[in-house]
Protein chains: 2
Amino acid sequence: METTDANGVNGTHPVHSFSPKLSSVPQGDFIRHSRKTNGSGVQADDTRICVVMVGLPARGKSLIAQKAVRYLHWLSIKAKVFNVGQYRRTATPNPSAEFFDTSNPEGERLRRAAAEAAVADMVKWFKERQGLIAFLDATNSTKDRRRWIQERCDQDNIETLFVESKCDDEDLIMSNILEVKTTSPDYVGQDPEVAAQDFRNRIRNYEKVYQTIDEDESDLTYVKLINVGHQVIINRIQDYLQSRVVYYLMNLHIKPRSIWLSRHGESNFNLSGQIGGDADISERGELYARRLPELVAQSAGDTKLTIWTSTLKRTIQTARFLPFEKLEWKALDELDSGVCDGMTYGEIEEKYPEDFKARDDDKYNYRYLGGESYRDVVIRLEPIIMELERSENILIVTHQAILRCIYAYFMNVPQERSPWMEVPLHTLIKLTPKAYKTEEERMPAKIPAVSTFREKGSSAKHQEKEEGGD
Amino acid sequence: METTDANGVNGTHPVHSFSPKLSSVPQGDFIRHSRKTNGSGVQADDTRICVVMVGLPARGKSLIAQKAVRYLHWLSIKAKVFNVGQYRRTATPNPSAEFFDTSNPEGERLRRAAAEAAVADMVKWFKERQGLIAFLDATNSTKDRRRWIQERCDQDNIETLFVESKCDDEDLIMSNILEVKTTSPDYVGQDPEVAAQDFRNRIRNYEKVYQTIDEDESDLTYVKLINVGHQVIINRIQDYLQSRVVYYLMNLHIKPRSIWLSRHGESNFNLSGQIGGDADISERGELYARRLPELVAQSAGDTKLTIWTSTLKRTIQTARFLPFEKLEWKALDELDSGVCDGMTYGEIEEKYPEDFKARDDDKYNYRYLGGESYRDVVIRLEPIIMELERSENILIVTHQAILRCIYAYFMNVPQERSPWMEVPLHTLIKLTPKAYKTEEERMPAKIPAVSTFREKGSSAKHQEKEEGGD
């Protein structure tokens, strides 16, 4: 197949006076890459975006940046957080609140030096083509500082997208202070009460000089997130990738909640070692379906859940005794194994030996003939993830490959590992997103089932029982 | 297959004080419906959204509402515009500017009566379950009027989403006045100059009382579009469907531009009557590829285009002489004909007679075994449409079924008709979106090719030569 001679040019369209939004020309590596996907995701080859976080301490800036990076990685877009605090800490490991007083010239000089070091590293990172999107995580609380960053990025053809988190909800700020900041490296080994008090003083020092993004900066591309999810102001979004990041940020909320995951109960195809299909659950699968409501009640207590299943019988049958509203998603159907649908791994190895090997070599990217790859599944799951971010307590009953992809998003599992993760049958998984990690709990129902986990290189009969293209 | 017992409940989750965004429970009809799709699109069964347009005359409100309805119809979401002006015109067909003077009590009474009639019809429309999203198209320029609408909708459990178009760009307003308003039913048969002057006076009368949406209305769900695409303010978006509408509105621009569409040149599979595959273009296809740059130059002049192709050889070969940047999209690949890939229609009719008939009965929804339906294609084209809305001048070289879907979006072709449209080989199509319609021009290259158009019920050899699952 021919390749295009697409060379990256971005933002070269004429800009009409009445609509200053630039239109990017999407193309290049990112596209050639996306041949393996369902076609979502386009961006100029040479796009580099510096997302500049803006906001007082304890406004969730680091959390937002880290979530966005996790989301982008899941979509195979390379991104990285450059945390200015970490650069500052190499010089000043345990600063007191006075350090952050703007009338302290030594503190100001050191903080500026830390920002410069972070930006320099970021520029280097872009130049080495290590990624497309960098998050500059710092308060960036003055117009001068933001202008300096923008001009610095302009020099190297790096787009800037300012993301301000504004929050005046005292409860939210306090919970952020208590949950995050007292575990900060700045306060290692200190009394949490003393640390929280010092941190509140540090915030006061920033408040003195804080300037929100306003009309003076209307030439900037920015998003203001006001009380996370309540109100969003979007200014001069320039291209596809920016609009995707903004859409993700728009949908975030920070209400406490959990997500429960379960595979369907053991199916008749699991028993016969066939993949794909639309089989009923087995007798043991039926036992799991009947046990599931009790298991869920133990884990979720009185919390009202919503149940999402695929459109395939085995997930609907498994969820049918749960006393909650249920929703069927085509996007949660098992990975499509194409021409191999209904075969055992032994049959696939015999009939398509080269494919079988190719899949083991790069399982994430391998697309079954007439079917899907894990990469394809991630693309079709993207609206599910977006809806999960918008939602509260959800229990998903789905299939092995789908569960691996959803799990990989929340647990930040790299692509080379996610298709090989073991997700046993008859086990309820509870994920609880916290500030910097997602907590996990696994509750086995203690009802026997075949193992459907297949190790790399194996096609042994009873290790192979995956129910849908694993 | 079992169906779920999902009964619509919306917005019943507890609302935490620090994050007033409601999370909807997506389910129900819309979902059962979407079994035929790739799973995008979820919404509570009983969701009803009234999108209330807000803005002075000549701010593009009607245009925005009509585009959004077209987009939603294309996604199989029933929507309708209720234009208050049309209700008012039944009572007052040709009002002068004085009619719109707020100190004219008779005018005010009649305009209020028109708004009430439109809202009453809308409520009836929702009650008859005729659709999910209504657009109330009027200036709705005062807080009182907006509060009245919101309370009226609350009574019937209809969500409100206010969409304000604010614009202070005089050029944009004037072009809107000239292009749209002098063709308005209010000015039928009048001198355009006089009509434009009268219309400017009408705007002055609205300006006297106009109130933009502000902090007093922070409890409302709203979007403010400032100079279409420049800045967007989003407040309290509540659920998936609202967020989709908002994302679409965010991406609109109104710069003048055209979109060019072409099928690939005739392929070797076209000649042999096979569908699908990844064949090379034929000799005559090659002639078309060499003629295409000239054809494009005649139509586009000096305009700089960007070329989008699929990842299949026949589109890349066809586009290769065009002197523009090129971009390959997996999402533009031909409709996947699954197990029928590489067959002729005669073979399909023989091997899968029932499927062949089922496809004729409901071609839009028919999904090839292991392949796709037109409905599936629309879902995967959605990011393409979004990117087209964001872009300027694009030439797309793609396949028959894909072209039909893209064409249906711009030309508002209903689903029962779009899969049967004739889109000949070796013809360049130019679409130019205007205020209330899209203009079309077809330029045949006058290079012979087989016809790949297949009439309902036919499998005749030379009518059947579609190149990819038609």
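Note that the structure is predicted; figures quoted are calculated from it, not measured.

Calculation rules
In this convention, every chain numbers its residues from 1, walking through the sequence in written order. Naming scheme: in the order in which they are written, chains are lettered from A and ligands are numbered from 1. The predicted nature of this model means local features are confined to residues of pLDDT at least 70 and side-chain atom pairs, given and counted, to a pLDDT of 80 or more, with totals for whole chains, interfaces and linings taken over all residues. Each side-chain value is derived from all of the structure's non-hydrogen atoms; neither hydrogens nor water enter the calculation. Here the aromatic set is Phe, Tyr and Trp, taking the six-membered ring for Trp, and pairing holds for ring centres within 6.5 Å; pairs whose planes are under 30 degrees apart are stacked, those over 60 apart are edge-to-face, and all others are tilted. Buried means the residue's accessible area, taken with a 1.4 Å probe over protein chains only, is under 20% of the maximum for its type, while exposed means over 50%, and partly exposed covers the values in between. Only when the NZ of Lys or the CZ of Arg is both within 6 Å of the ring centre and within 35 degrees of the ring normal is a charge said to sit over the ring. A helix here means a DSSP run of H or I that spans at least four residues, while a strand means a run of E at least two residues long, and both kinds are numbered starting from the N terminus. Between any two strands, pairing holds if DSSP finds at least two bridges. UniProt positions are given in the numbering used here, feature names are shortened, and annotations may be inferred rather than shown by experiment. Whether two residues are in contact is decided by their heavy atoms: any pair within 4.5 Å suffices. Pairing of N or O atoms within 3.5 Å defines a polar contact, subject to two protein rules: one partner must be a possible hydrogen donor and the other a possible acceptor, and residues neighboring in sequence count only if both atoms are side-chain atoms. Per residue, pLDDT captures the predictor's confidence, and it can take any value from 0 to 100. Simply put, an axis is a line fit to the C-alpha atoms, just over the touching stretch for a helix, and the angle between two N-to-C directions goes from 0 to 180 degrees. Polarity classes work like this: nonpolar for Ala, Val, Leu, Ile, Met, Phe, Trp, Tyr, Cys and Pro, charged for Asp, Glu, Lys and Arg, and polar for all others, with Gly in that last group. Whenever Lys or Arg places a side-chain nitrogen within 4 Å of a carboxyl oxygen from Asp or Glu, that contact is recorded as a salt bridge. For a helix, the expected span equals 1.5 Å multiplied by the number of residues minus one. Here is the rule for angles: anything less than 35 degrees is roughly parallel, anything more than 145 is roughly antiparallel, 65 through 115 is roughly perpendicular, and the remaining ranges are oblique. Crossing handedness follows the turn of the near helix against the far one: under a right angle anticlockwise gives a left-handed crossing, and clockwise gives a right-handed one. Marked domain ranges trace back to an automatic or database domain assignment. Defined in terms of a 1.4 Å probe, buried area is the accessible area two parts forfeit on being brought together, summed over both. Grouping buried Ala, Val, Leu, Ile, Met, Phe, Trp, Tyr and Cys residues that are joined through side-chain atoms within 4.5 Å yields what is termed a nonpolar core.

## Thoughts on the packing of aromatic side chains
Consideration 1: According to the stated counting rule, one finds 23 aromatic pairs over all chains in the structure shown.
Consideration 2: Ring centres 5.0 Å apart and planes at 80 degrees place the aromatic pair Phe99 of chain B and Phe100 of chain B in the edge-to-face group. Pair check on accessibility: Phe99 of chain B and Phe100 of chain B agree, each one buried.
Consideration 3: Members of the aromatic cluster, connected to one another through ring pairs, are Trp74, Tyr409 and Phe410 of chain A.
Consideration 4: Positioned above the aromatic ring of Tyr345 of chain A, the side-chain terminus of Arg454 of chain A is 4.8 Å from the ring centre.
Consideration 5: Its end group placed over the ring of Tyr409 of chain B, Arg70 of chain B keeps NZ or CZ at 4.7 Å from the ring centre.

## Details of the pairing of strand S4 (residues 159-166) of chain B
All names here are of chain B.
Consideration 1: Within S4, 7 of the 8 residues are buried, leaving the element largely enclosed by the surrounding structure.
Consideration 2: Where strand S1 (residues 49-54) lies against S4, 6 bridges are found, and the strand directions are parallel. Paired with Met53 across the two strands is Val163, which belongs to S4.
Consideration 3: In this sheet, strand S5 (residues 222-226) lies alongside S4 in parallel orientation, the contact comprising 5 bridges. Note on S5: the bridge partner recorded for Ser165 is Leu225.

## With respect to the UniProt feature "binding site: substrate" (unreviewed entry) in chain A
Residues and elements named next belong to chain A.
Consideration 1: The feature "binding site: substrate" (unreviewed entry), as given by UniProt, occupies Arg263, His264, Gly265, Glu266, Ser267, Asn268, Phe269, Asn270 and Arg314 in the numbering adopted here. Spatial clustering of the annotated residues is evident: they stretch over 52 residues in sequence, but the largest pairwise C-alpha distance comes to 14.2 Å.
Consideration 2: With residues near it in sequence (within four places) discarded, Asn268 still touches Ala279, Asp280, Ile281 and Ser282.
Consideration 3: Mapped onto the secondary structure, Arg314 falls in helix H11 (residues 313-319).
Consideration 4: Engagement of the side chain of Arg314 in a polar contact is seen with the side chain of His264, the distance being 3.4 Å.

## Digging into the confidence of the model for chain A
Predicted coordinates in areas of low pLDDT are best not read in detail.
Residue and element names in this part refer to chain A.
Consideration 1: The predicted model of chain A has a mean per-residue pLDDT of 83, with 87% of residues at 70 or higher.
Consideration 2: For chain A, per-element mean pLDDT is lowest for helix H1 (residues 29-34), which scores 28, and highest for strand S7 (residues 259-263), which scores 98.
Consideration 3: Taken together, the stretch residues 1-42 has pLDDT below 50 and engages in 143 contacts with residues farther than four places along the chain or on a different chain.
Consideration 4: Note on the complex model: pTM 0.79, ipTM 0.72.

## Overview of unusual backbone geometry
Consideration 1: A positive phi angle is found at Asn412 of chain A, which is not glycine, with a value near 60 degrees.
Consideration 2: Topologically, Asn412 of chain A is positioned in the loop between helix H15 (400-411) and strand S11 (427-433).
Consideration 3: Even without being a glycine, Arg129 of chain B presents a positive backbone phi close to 55 degrees.

## Describing the packing of helix H8 (residues 240-251) of chain A against helix H14 (residues 374-390) of chain A
Residue and element names in this part refer to chain A.
Consideration 1: At a minimum axis distance of 8 Å, the contact between H8 and H14 shows a crossing angle of 35 degrees. Facing H8, whose interface residues are Arg244, Tyr247, Tyr248 and Asn251, H14 presents Glu382, Met386, Glu389 and Arg390.
Consideration 2: Here the residues of the contact of H8 with H14 are counted per class, giving 3 nonpolar, 1 polar and 4 charged.

## A short note on the pattern of salt bridges
Residue and element names in this part refer to chain B.
Consideration 1: For the structure shown, the criterion picks out 54 salt bridges over all chains.
Consideration 2: The salt bridge partner of Asp156 is Arg152, with a shortest N-O separation of 2.9 Å.
Consideration 3: The exposure class of Asp156 is buried, given its relative accessible area of 15%.
Consideration 4: Note that Glu164 is salt-bridged to Lys224, the shortest N-O span being 4.0 Å. Here Glu164 is found in strand S4, whereas its partner Lys224 is found in strand S5, with 60 residues between them in sequence.

## Quick word on the side chain of Thr438 of chain A
Residue and element names in this part refer to chain A.
Consideration 1: For Thr438, the location among the structural elements is in strand S12 (residues 438-444).
Consideration 2: One polar contact links the side chain of Thr438 to the main-chain carbonyl oxygen of Phe410, over a distance of 3.1 Å.
Consideration 3: In contact with Thr438, other than residues within four places in its own chain, are Phe410, Met411, Leu431, Thr432 and Pro433.

## Comments concerning helix H2 (residues 61-74) of chain A
Residue and element names in this part refer to chain A.
Consideration 1: Over its 14 residues, H2 extends 20 Å from the first C-alpha to the last, a length consistent with the 20 Å expected when each residue adds 1.5 Å.
Consideration 2: The element H2 is extensively covered by neighbouring structure, given that 12 of its 14 residues are classed as buried.
Consideration 3: For H2, the set of buried residues is Lys61, Ser62, Leu63, Ile64, Ala65, Lys67, Ala68, Val69, Arg70, Tyr71, Leu72 and Trp74.
Consideration 4: Count one or two residues on from H2 and you reach Ser76, which has phi positive near 65 degrees.

## Thoughts on the packing of H2 of chain A against H14 of chain A
All names here are of chain A.
Consideration 1: Relative to each other, H2 and H14 sit at 160 degrees, their axes nearing to 11 Å. As the angle between them shows, H2 and H14 are arranged roughly antiparallel. Considering the relative orientation of H2 and H14, their crossing is right-handed. Contacts between H2 and H14 involve Lys67, Tyr71 and Trp74 from the first element and Val378, Leu381, Glu382, Ile385, Met386 and Glu389 from the second.
Consideration 2: Per-class residue counts for the contact of H2 with H14 are 6 nonpolar, no polar and 3 charged.

## Quick word on the domain arrangement of chain A
All names here are of chain A.
Consideration 1: By domain assignment, chain A separates into domain 1 (44-250) and domain 2 (259-467).
Consideration 2: Placing the centre of domain 1 and that of domain 2 at their C-alpha centroids yields a distance of 37 Å.
Consideration 3: With 15 residues of domain 1 at the contact, the number on the domain 2 side is 17 residues.
Consideration 4: Between domain 1 and domain 2, a total of about 1600 Å² is buried, with carbon and sulfur atoms accounting for 58% of that surface.
Consideration 5: Three residues stand out in domain 1 for area buried against domain 2, namely Leu63, Arg70 and Trp74, and they jointly supply 44% of the buried area on that side.

## Some details on the nonpolar core
The nonpolar side chains of a soluble globular protein tend to be buried, and buried together.
Consideration 1: With 144 residues, the main nonpolar core has Ile133 of chain A together with Ile133 of chain B as its most contacted residues.
Consideration 2: With residues near it in sequence (within four places) discarded, Ile133 of chain B still touches Ile49, Val51, Leu72, Ile77, Lys78, Ala79, Lys80, Trp125, Phe126, Leu241 and Val245 of chain B.
Consideration 3: Ranked by size, the runner-up nonpolar core spans 62 residues in total, among them Phe126, Leu220 and Ile226 of chain A together with Phe162 of chain B.

## Let's talk about the pairing of strand S3 (residues 133-137) of chain B
Residues and elements named next belong to chain B.
Consideration 1: Counting buried residues in S3 gives 5 out of 5 residues, a clear majority hidden from the surface.
Consideration 2: Neither face of S3 is open: one carries Ile133, Phe135 and Asp137, the other Ala134 and Leu136, and all of them are buried.
Consideration 3: As judged from the 4 bridges shared by S1 and S3, these two strands associate in the parallel manner. Looking at the pairing, Cys50 lines up with Ala134 of S3.
Consideration 4: Sheet topology places strand S2 (residues 79-83) next to S3; 5 bridges connect them, and they run parallel. In the strand pairing of S3, Asn83 is matched with Asp137.

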